Amino acid sequence: GPKPSKKARDLSPKLHAREKKLIDFRGKLYLAPLTTVGNLPFRRVCKVLGADITCGEMALCTNLLQGQASEWALLRRHSSEDVFGVQICGAYPDTIARTTELIERECTVDFIDINMGCPIDIIVNKGSGSSLLMKPMRMKNIIQAACGTMEKPLTVKVRTGYFEGRNRIDSLISNISDWGVSALTIHGRSRQQRYSKLADWDYIYDCARKAPDVLHVLGNGDIFSYTDWNKHLSDCPGLSACMIARGALIKPWIFTEIKEQRHWDIASGERFNILKDFVSFGLEHWGSDAKGVETTRHFLLEWLSYTYRYIPVGLLDVVPQRLNWRPPSYFGRDDLETLMASDSAADWIRISEMLLGKVPEGFTFTPKHKSNAYDRAENG
């Protein structure tokens with residue numbers, strides 16, 4: 001029938017939300033939106049290795065509304081990304097609504113995710129990301145404003161709460177659904193915890209049990225093997241799926257492992273081929289001129305600052321490796337495996353030179369997440 005007027009639609013956000021083409025998240029392997037490292041070439045690598053759902057890097061509403069080309073570039077989708085969403089971050093209902101409207105007009109996306117979990121100070125101090133966890137009425141207004149303008153499903157990503165021990169999100173679950181959200185991802189840490197403690201999956205399960213049937217609940221935190229994935233989904237049938245973040249940065253073949261239900265003792269040569277794929281996707285995306293090569297190198301090095309933490313299955317006493325283990329120094333079974341285990345930026349640069357040629361004179365590299373890589377994949 002004819003589309004109801006804007007006013008009529010606003011009076012029935014529930015009905016409007018339910019009419020949307022919903023995405024079935026159940027059992028799907030979802031690569032988390034990751035700042036810096038979740039770029040298009042990296043997502044292509046994960047698609048090849050078995051990821052089902054991908055999401056663009058967090059984009060700031062204010063920058064999108066100002067028309068910043070670099071911010072809009074974060075929303076680009078590769079044709080292999082068959083279920084693709086974008087993630088936005090903003091503090092006010094009107095900015096979010098204008099942004100979702102613009103994205104639906106300009107981009108082909110399957111869903112839009114609002115980040116309500118980012119712990120980074122600059123984001124929190126502006127009133128967005130995880131600071132929204134302390135403002136349920138602002139959350140409600142943002143969600144309803146977005147749903148009022150959107151045709152596609154709206155999803156939201158949160159943490160357990162802002163302060164440790166003051167878990168707030170479980171009390172809002174049914175409201176979040178009523179306000180029009182199709183899927184809610186819960187990262188099992190508070191803002192205060194950042195990445196230092198293990199994610200609290202029991203709390204995620206509580207939230208999933210409180211959710212109405214129409215709301216998909218996804219869990220996020222520390223998944224690093226197919227056994228982790230299996231355990232969460234069997235522990236809690238109410239959970240639709242899990243989102244994989246740092247686990248995919250350290251070993252993107254985790255998606256293959258989950259699909260094939262095995263711990264893959266991947267050889268250094270196969271790992272090198274994955275890096276080679278990334279580099280060719282990078283040159284295709286950022287260009288193959290000198291500037292494109294250096295951009296590709298920069299993002300490769302950011303990624304290598306995570307991949308060195310992988311410990312080969314064949315060298316472990318206890319399988320699987322846990323995400324929070326600090327890898328011991330070890331000799332690999334060949335020189336390449338040893339090189340890939342190095343925590344030194346000089347060695348990451350050497351690997352980049354094997355793939356992209358010599359670095360320019362005076363080149364140095366410091367990863368964005370600095371030394372404390374254990375506690376910080378920058379992902380809300």
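None of the values given here were measured: they were computed from a predicted structure.

(A) Just the packing of helix H10 (residues 201-210) against helix H11 (residues 226-235), in detail. One can describe the packing of H10 onto H11 by two numbers: an axis separation of 10 Å at closest approach and a directional angle of 40 degrees. In terms of orientation, H10 lies oblique with respect to H11. Both H10 and H11 take part in a crossing whose hand is right-handed. Taking contact as the criterion, the partners of Trp201, Tyr205 and Arg209 in H10 are, on H11, Lys231, His232 and Asp235. Considered class by class, the residues forming the contact of H10 with H11 number two nonpolar, one polar and three charged.

(B) Examining the domain arrangement of the protein chain more closely. One can read the domain layout of the protein chain as domain 1 (30-260) and domain 2 (268-369). The partner domain 2 presents 21 residues to the 25 residues of domain 1 that form the contact. Buried surface at the junction of domain 1 and domain 2, both sides included, amounts to about 2,300 Å², of which 73% is carbon and sulfur. Scanning the region where domain 1 abuts domain 2 turns up two salt bridges. Residues Arg322 and Asp228 are paired through a salt bridge, measuring 3.1 Å at the closest nitrogen-oxygen approach. Linking domain 1 with domain 2 are four residue pairs in polar contact (both at pLDDT 80 or more). Those elements that provide at least two residues to the side of domain 1 that touches domain 2 are helix H3 (40-48), H11 and helix H12 (246-250). Of the residues forming the side of domain 1 that touches domain 2, the biggest block, six residues, is contributed by H3.

(C) Main features of the pattern of salt bridges. Considering all chains together, one arrives at 21 salt bridges under this definition. When the shortest N-O distance is used, the salt bridge between Lys231 and Asp235 registers 2.6 Å. Of this pair, Lys231 and Asp235 both sit in helix H11, four residues apart, roughly one helical turn. Taken together, the salt bridges that share partners define one network made up of Arg189, Asp222 and Arg246.

Criteria and thresholds
- Residues numbered from 1 in each chain as written.
- Predicted model: local features only at pLDDT ≥ 70, side-chain atom pairs only at ≥ 80, totals over all residues.
- Heavy atoms only, no water.
- Axes fitted to C-alpha atoms, helices over the stretch in contact; angles between N-to-C directions.
- Helix = DSSP H or I, 4+ residues; strand = E, 2+ residues; numbered from the N terminus.
- Parallel < 35°, antiparallel > 145°, perpendicular 65-115°, else oblique.
- Left-handed = near helix turned anticlockwise from the far one by under 90°.
- Contact = heavy atoms within 4.5 Å.
- Nonpolar A, V, L, I, M, F, W, Y, C, P; charged D, E, K, R; others polar.
- Domains from an automatic or database assignment.
- Buried area = accessible area lost by both parts, 1.4 Å probe.
- Salt bridge = Lys/Arg side-chain N within 4 Å of Asp/Glu carboxyl O.
- Polar contact = N/O pair within 3.5 Å; in protein donor to acceptor, adjacent residues only side chain to side chain.

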